[in-house]
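Below, each chain spelled out in residue letters.
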Amino acid sequence: MFKYTINGGRILRGNISVSGSKNAVLPVLSAAILNRGTTRILNCPDIADVRITLEILQGLGCEAHLLGNVAEIDASNITCSKIESKNACKCRSSITFLGALVSRTGTADVAYPGGCTIGQRPLDIHEEALRDMGVWLDCCESCIKAERTDTCEDKHVYLKFPSVGATENAMLAAAGRSGTTYIYGAAIEPEIVCLADYLKAIGTEIEGAGTGALKINGRETYENKKVDFTVIPDRIETATYLIAAAASGSGVRIRGCDPSHIAPIVKTLRVMGCDINEDPETNSIELIKGAAHKRLDSPGLIIADAYPSYPTDAQSLILPLLSEARGITFVTDKIFPERFSCADELIKMGAKVRHSECGIYIKGRRRLKNADVNSRDLRSGAAMIIAGITACGRSVVYDNGFIRRGYDRICEKLRGIGAEIRETQHQNLS
Ligand code: EPU
């Protein structure tokens, strides 16, 4: 258990840098087993999910380690195609090894993944996609067993919903087929484009990444290549610091990001009255003025949906800001409709929240008050840190390791722009 102690009410100011994307690097780490040589991943975030994935890679026979922000994976020898539950259950993206292992070894035996409890997270779309490609699957009680049957025929895969993970699994399985695979209804998130770029770097032919239709010409065996690959910046980490700055900052410049990836968040903050300057040429975005200068207005409505809509992962993050804005906001999440555990914690800080069947209403009040709260998942943890920074006085966020799963040195970075926050180990005696 970790304890984040925050003395809120400070004005944030200065420069803060964004790390590589968690949700982009994780499937790239799975894909690295297709390359029979060494992959160096630059801009790799040092987060718990990456460390777990490196352990999974070691269990498969790879040499895998992280030095600073460079992950190095030597996948010349894969000695095992089984991932046990003790590792698979620690993160969501372990499921992308299903497609990757089928491509590399022809078989896979992968225990069910874990990940944040943010609602229903079935795997039916992953399974259908692999079956459409001619992969034999046995979904047992504790694991999914897979075996490649055909790799030469052209195959058409239809995803009934643009699931990010299912698109990644389908791409990874298609990369090991010499026939052409067409994937329709694919997710179009920047993380998908990043995975496609890595697969291209090792020799897969891919057209259409970033659109709903992908055409993939893979190969049964990849060469022993030395590949250096740079991961895209984390758009949700960017959103986290931008929203924190909007709540309590003045002149906060976020460096090393891609402003185009968070366009709906910037638009929402501008509607609320924030003054923001995007600078794609220097890969930075600056919060010039926000709630520290004037009371912001409610945007009225936020609908979290698949890219390029407002992201579900940034839905919790904006709740502290909405609870201080003038007016009522209705927030609904079309991807994870029950992802509102953070709202209940915000109530402890004085937020006025009403749950409805398809979302929540937040009525803005003047100021959140400091309190001891819990992080219920990765993004709700980050949201509670934003709330603690905003509220005057000392707040404590108790966290079961969620925040470290997705944020690289969050306290150090926030301290760099003036936040008073420290992380300590906490023994939970209850
Ligand atoms: N879904 C199905 N069947 C499936 C797969 C998904 O019904 O087989 C549904 C889910 O229940 C959900 C929706 O489709 O309602 C979207 O799920 P998706 O598969 O797109 O999500 P994911 O791949 O499990 C990734 C991110 C999440 C992010 C979602 C949506 C990773 C490791 N995780 O999850 O990130 O919320 O996409 O953008 O890439 C986070 O970073 O905090 C996080 C939870």
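This is a predicted model, so every value here is computed, not measured.

Here is what the cut-offs are and how they apply
- Residues numbered from 1 in each chain as written.
- Predicted model: local features only at pLDDT ≥ 70, side-chain atom pairs only at ≥ 80, totals over all residues.
- Heavy atoms only, no water.
- Pairing = 2+ DSSP bridges.
- Helix = DSSP H or I, 4+ residues; strand = E, 2+ residues; numbered from the N terminus.
- Contact = heavy atoms within 4.5 Å.
- Axes fitted to C-alpha atoms, helices over the stretch in contact; angles between N-to-C directions.
- Near = heavy atom within 4 Å.
- Polar contact = N/O pair within 3.5 Å; in protein donor to acceptor, adjacent residues only side chain to side chain.
- Areas by Shrake-Rupley, 256 points an atom, 1.4 Å probe, with all protein chains shown as cover.

Caption draft 1: Seen up close, the sheet that holds strand β7 (residues 107–111). Taken together, four strands build an open sheet; the order of strands is β6-β7-β9-β8 and the sheet is mixed. Looking at which strands have only one partner, the edges of the open sheet turn out to be β6 (82–83) and β8 (135–139). For β7 and strand β9 (residues 143–148), the ladder comprises five bridges, and the chain directions are antiparallel. Note that in β9 the partner of Asp109 across the bridge is Lys145. Those strands touched by helix α4 (residues 96–105) are β6, β7, β8 and β9, and its axis lies near 155 degrees from that of β7.

Caption draft 2: Region of the structure containing the sheet that holds strand β17 (residues 284–289). Read across the sheet, four strands follow the order β2-β15-β17-β16 without closing on themselves; strand pairing throughout is mixed. Of all the strands in the sheet, the pair left with one neighbour each is β2 (12–17) and β16 (275–279). Each adjacent strand pair in this sheet contributes to an overall mean axis angle of 10 degrees, direction not counted. Relative to β17, β16 runs antiparallel, the two sharing five bridges. Directly across from Ile276, in β17, lies its bridge partner Leu287. The strands touched by helix α8 (residues 235–248) are β2, β15 (249–255), β16 and β17; relative to β15, the strand with the most contacts, the crossing angle is about 165 degrees. Against the sheet, helix α9 (residues 263–272) contacts β16 and β17, and its axis sits at roughly 150 degrees relative to β16.

Caption draft 3: Summary view of the site of the ligand. Taken together, 22 residues lie near the ligand, and Asp124, Ser163, Val164, Asp313 and Ile335 sit nearest. One nitrogen or oxygen atom from the main chain of Pro122 is found 3.1 Å from an oxygen atom belonging to the ligand. Within the side chain of Ser163, an N or O atom sits 2.6 Å from an oxygen atom of the ligand. For the ligand, whose accessible area on its own is 820 Å², the fraction buried by protein is 89%. Taken together, the elements giving at least two residues each to the shell around the ligand come down to α1 (22–31), α5 (124–132), α6 (164–174) and α12 (378–390).

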